[in-house]
Amino acid sequence: MKIAVYPGSFDPITLGHINVIERASAMVDQLIVGVLNNQAKSPLFNAEERVEMIREATAHLTNVVAVPFDGLTIDFARRSGAQWIIRGLRAVTDFEYELQMAQTNRVLAPEIDTIFFTTELKYAYLSSSTVKEVARFGGDIDSFLTPVVKERTLAKLKERQK
Ligand code: PNS
């Protein structure tokens, strides 16, 4: 069985992430989207909320599951029985960090490879952090998130501002 994990913060999941999930899931039997439970990054959404939004946003893909994870991505990949780690590459600025992660992970587990998907041009600029910033200052985020994720993001930001 071909299994891949797609780890990330997904705070929240964007249309760019969904695009990578759609393309990667077409190549494997199962794609496991792993949401890093990383309090150090002070996420807007807790891991369970992020997982729930991913499940809703990928409900049309029958071979995709979303789960939270702690610790190292490579341990998560091993536990999941994955042969591949999926990551999206936007611009050259992503490359150095992604290369370092992929090479480190390969030393830790030579049996697991990282596969990069170059993002669609229309999502090349997109990041969860930018979307949150635009939303925080009242900008229109319709082009970046699904309607459900947009509503939750706006509601969460409102709740935080109280
Ligand atoms: O969506 P992000 O924030 O770009 O995802 C980064 C993530 C979660 C993939 C990366 O920070 C990660 O793998 N963290 C888990 C800890 C780990 O494995 N660190 C060593 C990487 S070589």
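Just above sits the structure.
Read on for an overview of the structure.

Take the overall build of the protein next. The secondary structure content of the protein amounts to six helices and five strands. In sequence order, the secondary structure elements of the protein are arranged as β-α-β-α-β-α-β-α-β-α-α. Since a compact globule built from 162 residues should have a radius of gyration of about 15 Å, the 15 Å found for the protein is in line with a globular shape. Overall, the protein is about 45 × 30 × 30 Å in size when its C-alpha atoms are taken along their principal axes. Out of the 162 residues belonging to the protein, those deemed buried represent 47%. Across the protein, contacts joining residues at least 24 apart in sequence account for 76% of those joining residues at least 6 apart. Counting every atom, the protein has about 8800 Å² of accessible surface; 54% of that belongs to carbon and sulfur.

To summarise the sheet geometry, strands pair through backbone hydrogen bonds and adopt either a parallel or an antiparallel arrangement. Judged by pairing direction, the sheet is parallel, and its five strands sit side by side in the order β3-β2-β1-β4-β5 without closing on themselves. Both outer strands of the open sheet, β3 (64–69) and β5 (113–118), are each paired with one neighbouring strand and no more. Between one strand axis and the next, the sheet turns through 30 degrees on average, direction left out of account. Examined bridge by bridge, strand β2 (residues 30–36) and β3 share six bridges and lie parallel to one another. Note on β3: the bridge partner recorded for L31 is V64. Packing against the sheet, helix α2 (residues 47–57) makes contact with β2 and β3, and its axis sits at approximately 175 degrees to β3.

Interaxial distance between α2 and helix α6 (residues 147–161) falls to 10 Å at its minimum, and their mutual angle equals 155 degrees. Overall, the two elements α2 and α6 adopt an arrangement that is roughly antiparallel. Across the interface between the two elements, E49, E52, M53 and E56 from α2 touch V148, V149, R152 and K156 from α6. Here the contact of α2 with α6 is composed, by residue class, of three nonpolar, no polar and five charged.

Taken together, G8, S9, L36, K41, G71, L72, T73, R87, Y97, M101, T104 and N105 form the complete shell of residues around the ligand. Here an oxygen atom of the ligand sits 2.6 Å away from a polar atom, N or O, in the side chain of S9. The separation between an oxygen atom of the ligand and a polar side-chain atom of R87 is 3.0 Å. At four residues, helix α4 (residues 92–108) tops the list of elements feeding residues into the shell around the ligand. A class-by-class count of the residues in the shell around the ligand yields four nonpolar, six polar and two charged.

Among all positions in α2, only A47, R50, V51, M53, I54 and A57 are buried. Projected onto a plane normal to the axis of α2, the buried residues spread over an arc of 165 degrees and lie on a single side.

The next point concerns the environment of G16. Relative to the elements of secondary structure, G16 occurs in helix α1 (residues 15–25). Taking the C-alpha atoms as reference points, G16 and A124, separated by 108 residues in sequence, lie 7.9 Å from one another.

What follows concerns the side chain of S128. Within the secondary structure, S128 sits in helix α5 (residues 128–136). Overall, S128 belongs to the buried group, its relative accessible area being 13%. A polar atom in the side chain of S128 sits 2.8 Å from the backbone oxygen of P12. Excluding residues within four positions of it along the chain, S128 makes contact with D11, P12, T14 and H17.

Parameters and conventions
All chains use their own residue numbering, which begins from 1 and follows the written sequence. Where local features are concerned, this predicted model is filtered to residues with pLDDT of at least 70; where side-chain atom pairs are given and counted, the filter is 80 or more; whole-chain, interface and lining totals use all residues. Water and hydrogen atoms play no part in the side-chain values, which are based on all heavy atoms of the structure. Numbered from the N terminus, helices here are DSSP runs of H or I no shorter than four residues, and strands are runs of E no shorter than two. Throughout, the radius of gyration refers to the C-alpha atoms, and the reference size of a globule is 2.2 Å times the residue count to the power 0.38. Each residue gets one of three labels from its accessible area relative to the maximum for its type: buried under 20%, exposed over 50%, partly exposed in between, using a 1.4 Å probe on protein chains only. Contact criterion: two residues are considered in contact whenever any of their non-hydrogen atoms come within 4.5 Å of each other. Accessibility throughout is a Shrake-Rupley quantity obtained with a 1.4 Å probe, and a residue counts as covered only by protein chains that appear here. Any two strands between which DSSP finds at least two bridges are classified as paired. Every axis in this analysis is a line fitted to C-alpha atoms, fitted for helices over the stretch in contact. Angles between the N-to-C directions lie between 0 and 180 degrees. Here the angle decides the label: under 35 degrees means roughly parallel, over 145 means roughly antiparallel, 65 to 115 means roughly perpendicular, and every other value means oblique. Amino acids outside the nonpolar list (Ala, Val, Leu, Ile, Met, Phe, Trp, Tyr, Cys, Pro) and the charged list (Asp, Glu, Lys, Arg) are all regarded as polar, and Gly is one of them. Nearness is defined per residue: one heavy atom within 4 Å of the molecule or strand is enough. Here a polar contact is recorded for every N or O atom pair within 3.5 Å, except that within protein the pair must consist of a potential hydrogen donor and a potential acceptor, and residues adjacent in sequence are included only if both atoms are side-chain atoms. By construction, the arc corresponds to the directions joining the helix axis to the C-beta atoms.

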